[in-house]
Amino acid sequence: MKNEILDQPLLMDKALVAFKLVSIGTPLLLFIEKYVFSDWDYLISLMLLVGLNTIVGSLAAGILGQFSAKLFYKKLGIKIFGIAVVLIGVGILKKAKIDGEDNYLSTILDAGMYSLMGGLELLSLLKNGYKIYPWEPIKYAINAIQSYYFKKVDELNHENKSGGDQDFHFK
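Residues numbered from 1 in each chain as written. Predicted model: local features only at pLDDT ≥ 70, side-chain atom pairs only at ≥ 80, totals over all residues. Heavy atoms only, no water.

**Here's the deal with the overall build of the protein**
Keep this limit in mind: Only DSSP runs of H or I reaching four residues or more are called helices, and only runs of E reaching two or more are called strands; each is numbered from the N terminus. Only protein chains enter the calculation, and the probe is 1.4 Å; a residue is then buried if its accessible area is under 20% of its type maximum, exposed if over 50%, and partly exposed in between. Whether two residues are in contact is decided by their heavy atoms, any of which lying within 4.5 Å being enough. All accessibility values rest on the Shrake-Rupley procedure with a 1.4 Å probe; residue burial counts only the protein chains present in the view.
What the protein contains, in helices and strands, is six helices and two strands. Reading the helices (α) and strands (β) of the protein from amino to carboxyl end gives α-α-α-α-β-β-α-α. Counting every position in the protein, which comprises 171 residues, the buried fraction comes to 19%. Pairs at least 24 residues apart make up 59% of the contacts formed inside the protein by residues separated by at least 6 positions. Accessible area of the protein: about 13,000 Å², with a carbon and sulfur share of 69%.

Right, dumping it as structure tokens:
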């Protein structure tokens, strides 16, 4: 009776696959944690915002009669790819050490990029929510965020034109 469980080939195959995943996945995860990215709390929060924005945006597109599954998957894939590239890049920079010490400048960039990503995702969520229910406080929040963001972009573009690299532009 005891050997009947172990005699099942499917169970043994699943156990072998699980063992292989743990033996390969654990060192890979430890490498990622140490050298690439370790702020899992932020990632969870950002992915919750992305998920909520995706749901609200899909509802808005459905209500407006503009929903397309092909476009949905394309936009979602591009968004997730873009987020992954930025998070990996900022994570690598944050983990970089100079002469064995932490790079203090990367902490400033890290906080700024995380705030910008979260803020722009929130702005997109508010815009999608406003399409569903055009409520005045949502419109006020959208205008406040956009005016602040575009004011800063204009300041950067003005500084850029007065001196510096002429190829760097926000659009």
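After that view, the rundown keeps rolling.
**Side note on the packing of aromatic side chains**
The line we're drawing: Between 30 and 60 degrees the pair is tilted, below 30 it is stacked and above 60 it is edge-to-face, where a pair is any two Phe, Tyr or Trp rings, Trp via its six-membered ring, whose centres lie within 6.5 Å.
Inspection of the entire model under this criterion finds five aromatic pairs. Here the aromatic rings of phenylalanine 31 and tyrosine 35 are separated by 5.2 Å at their centres, their planes lie at 45 degrees, and the arrangement is tilted. Placement of both phenylalanine 31 and tyrosine 35 in helix α2 (residues 9–35) is noted, with a separation of four residues, approximately one turn of the helix. Since its relative accessible area comes to 47%, phenylalanine 31 is described here as partly exposed. A centroid spacing of 5.9 Å and a plane angle of 45 degrees characterise the contact between phenylalanine 67 and phenylalanine 72, whose relative ring orientation is tilted. For phenylalanine 72, a relative accessible area of 23% translates into the label partly exposed. Chaining the aromatic ring pairs together yields one cluster made of Phe67, Phe72 and Tyr73.

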